[in-house]
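One letter stands for each residue in the lines below.
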Amino acid sequence: MNAATRSRLLPLAAAATTVVLWASAFVAIRAIGHDLSPGALALGRMLLGALTLTAILTVVRARRRTSGPPLPRGRLLAAVAIWGAAWFGVYNLALNAAERHLDAGTTALLVNVAPVVVAVLAGLLLGEGFPARLLAGMGVAFAGVALIAAASSAGGVDLSGVLLGLLAALVYAGAAVAQKRLLPRVDALTMTWTGAVAGAVALLPFLPSLVTELGTAPATAVAGVVYLGVFPTGIAFLTWGYALTRTTAGKLAATTYAIPPLVVGPSWALLGEVPAPAALAGGLLCLVGVAVATRPAGSRGRGSSERPTPVASSVTTLDGHGGVQGRRAVRAAGVGPRTE
């Protein structure tokens, strides 16, 4: 394999690895979520995730033979810590709790409306407006959410699972926008590691529950916690970052749309569960709505081939595992370096 082929295929392999690992997290949470409470599961996952990221950070800095960028301090450190507590703490709690009520596939479909929420927050907070495509996509996506809720209710599932799934999507969207604002001031690896540590610290009140529940949990549940911490939370960050440095943000973000289909298949095969037909139809509406809302706008001007990077694409992530940044999107948000 020559260098050109390798440079083209390795980012694709890295992106595919990330998407598969993030999709597997939904199935793993569903599989062990009844053996460990949401808080204990979130803490166990983040403790192992923080340790994995610490090892990655140490290896990266050792290979570069440098101490790397300094850790954030003062208000920046506080902002990153709050971001990490929300993204790695609250999001994981909501997701774990949601999967006690909903199957993995339905949960993944619900959480995947987050890019629409990101676009709404960008319109409100970053002055990016509400174009017609965004409003149309919002309507379609939330019609899908309503259909999922109706299907869940008809199937005897209380709506708390749907509400928890939407809470996870809201937290994910808010954290994605916050990450977009912070990334120009702190490098991605340092921010991810700092946020993961902050998330683990925020979840420490669940330590007694984690110790107690691990003592009685089956070996499969313990193995599931280890898997979630090391692979979807640790390794997936590394492969995502590798791919991000070698391709455009929009192309990489588009790969996350493969996650819900990748969740439904293994959930059916391994757990014997599949979303109700109406829920699947609602999930399809959600995906269509997201695609419409986050579709790049037309060219900026006649004869121009440059297209603006949509906010949802520039920061799209899933299952609390990272973020995507685009230089143009960051500058458009008013947080890039000044040129005057």
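Keep in mind that what you see is a predicted model, and the values were worked out from it rather than measured.

### Section: the overall build of the chain
Line of reasoning, step 1. The secondary structure content of the chain amounts to 15 helices and 0 strands.
Line of reasoning, step 2. Looking at the chain as a whole, 50% of its 340 residues qualify as buried.
Line of reasoning, step 3. Long-range pairs, those at least 24 residues apart, make up 84% of the contacts in the chain with a sequence separation of at least 6.
Line of reasoning, step 4. Here the chain displays about 15100 Å² of accessible surface, and carbon together with sulfur accounts for 66% of that area.

### A few points about the nonpolar core
Line of reasoning, step 1. Judged by nonpolar contacts, the single largest core of 71 residues is most densely connected at Phe26, Trp83, Tyr91 and Val263.
Line of reasoning, step 2. The leading source of residues in this core is helix H7 (residues 160-182), at 11 residues.
Line of reasoning, step 3. Residues in contact with tryptophan 83, not counting those within four places in the same chain, are Phe88, Ala175, Ala178, Gln179, Leu182, Met191, Thr192 and Gly195.

### Side note on the packing of aromatic side chains
Line of reasoning, step 1. Tallying each qualifying case throughout the model produces 4 aromatic pairs.
Line of reasoning, step 2. Measuring from ring centre to ring centre gives 5.3 Å for tryptophan 87 and tyrosine 91, while their planes differ by 40°; the resulting arrangement is tilted. Residue tryptophan 87 and its partner tyrosine 91 are both found in helix H3 (residues 74-98); the two are separated by 4 residues, about one turn of the helix. For the pair formed by tryptophan 87 and tyrosine 91, the shared burial category is buried.
Line of reasoning, step 3. Among the aromatic residues, those joined into a cluster by ring pairs are Trp87, Tyr91 and Tyr172.

### Observations regarding the packing of helix H2 (residues 38-64) against helix H9 (residues 207-216)
Line of reasoning, step 1. Contact geometry of H2 with H9 gives a least axis separation of 8 Å together with a crossing angle of 95°. If you check the angle between H2 and H9, you find them roughly perpendicular. Contacts between H2 and H9 pair Ala40, Leu43, Gly44 and Leu47 from the former with Leu207, Ser209, Leu210 and Glu213 from the latter.
Line of reasoning, step 2. Considering only residue class, the contact of H2 with H9 consists of 5 nonpolar, 2 polar and 1 charged.

### A closer look at the environment of threonine 190
Line of reasoning, step 1. If you trace the backbone, threonine 190 turns up in helix H8 (residues 188-202).
Line of reasoning, step 2. Linking threonine 190 and leucine 71, residues 119 residues apart in sequence, is a C-alpha distance of 6.9 Å.
Line of reasoning, step 3. Of the polar contacts made by the side chain of threonine 190, one reaches the side chain of arginine 61; its length is 3.4 Å.

### As for the environment of leucine 135
Line of reasoning, step 1. Position of leucine 135 among the secondary structure elements: in helix H6 (residues 132-154).
Line of reasoning, step 2. With 157 residues separating them in the primary sequence, leucine 135 and valine 292 have C-alpha atoms 9.2 Å apart.

### Overview of the confidence of the model for the chain
Line of reasoning, step 1. In the predicted model, the chain carries a mean pLDDT of 77, and 75% of its residues have values of at least 70.
Line of reasoning, step 2. Mean pLDDT values over the elements of the chain span from 39, in helix H15 (residues 327-332), up to 95, in H9.
Line of reasoning, step 3. Per-residue pLDDT stays below 50 along residues 299-340; that stretch engages in 101 contacts with residues further than four places along the chain or on separate chains.

### Structural notes on the side chain of glutamate 213
Line of reasoning, step 1. With respect to the element layout, glutamate 213 can be found in helix H9.
Line of reasoning, step 2. With no salt bridge to any partner, buried glutamate 213 finds its closest opposite charge in arginine 100, at an N-O distance of 5.9 Å.
Line of reasoning, step 3. Ignoring anything within four residues of it in the chain, the contact list for glutamate 213 reads Asp35, Leu36, Ser37 and Ala40.

### Quick look at helix H12 (residues 259-271)
Line of reasoning, step 1. Counted at 1.5 Å a residue, the expected span for H12 with its 13 residues is 18 Å, and the 17 Å between its end C-alpha atoms agrees.
Line of reasoning, step 2. Among the residues making up H12, those that are buried are Ile259, Pro260, Val263, Val264 and Ser267. Down the axis of H12, the buried side of the element spans an arc of 135°, and every buried residue falls inside it. Residues of H12 that are exposed and point more than 90 degrees away from the buried face comprise Pro261, Trp268 and Ala269.

### Considering a nonpolar patch on the surface
Line of reasoning, step 1. There is a patch of nonpolar side chains on the surface, built from Leu47, Val197, Val201, Leu204, Leu207 and Val211 and spanning about 450 Å² of accessible area.
Line of reasoning, step 2. When contributions to the nonpolar patch are tallied by element, the ones reaching two or more residues are H8 and H9.
Line of reasoning, step 3. Mapped onto the secondary structure, leucine 207 falls in helix H9.

Criteria and cut-off values
Residues numbered from 1 in each chain as written. Predicted model: local features only at pLDDT ≥ 70, side-chain atom pairs only at ≥ 80, totals over all residues. Heavy atoms only, no water. Helix = DSSP H or I, 4+ residues; strand = E, 2+ residues; numbered from the N terminus. Buried < 20%, exposed > 50% of the residue type's maximum accessible area, 1.4 Å probe, protein only. Contact = heavy atoms within 4.5 Å. Areas by Shrake-Rupley, 256 points an atom, 1.4 Å probe, with all protein chains shown as cover. Core = buried A, V, L, I, M, F, W, Y, C linked by side-chain atoms within 4.5 Å. Phe/Tyr/Trp six-rings, centres within 6.5 Å; stacked < 30°, edge-to-face > 60°. Axes fitted to C-alpha atoms, helices over the stretch in contact; angles between N-to-C directions. Parallel < 35°, antiparallel > 145°, perpendicular 65-115°, else oblique. Nonpolar A, V, L, I, M, F, W, Y, C, P; charged D, E, K, R; others polar. Polar contact = N/O pair within 3.5 Å; in protein donor to acceptor, adjacent residues only side chain to side chain. pLDDT = per-residue confidence, 0-100. Lys, Arg positive; Asp, Glu negative; His and termini not counted. Salt bridge = Lys/Arg side-chain N within 4 Å of Asp/Glu carboxyl O. Expected span 1.5 Å × (residues − 1). Arc of directions from axis to C-beta. Patch = residues over 30% accessible without salt bridge, like charges linked within 9 Å, V, L, I, M, F, W, Y side chains within 5 Å.

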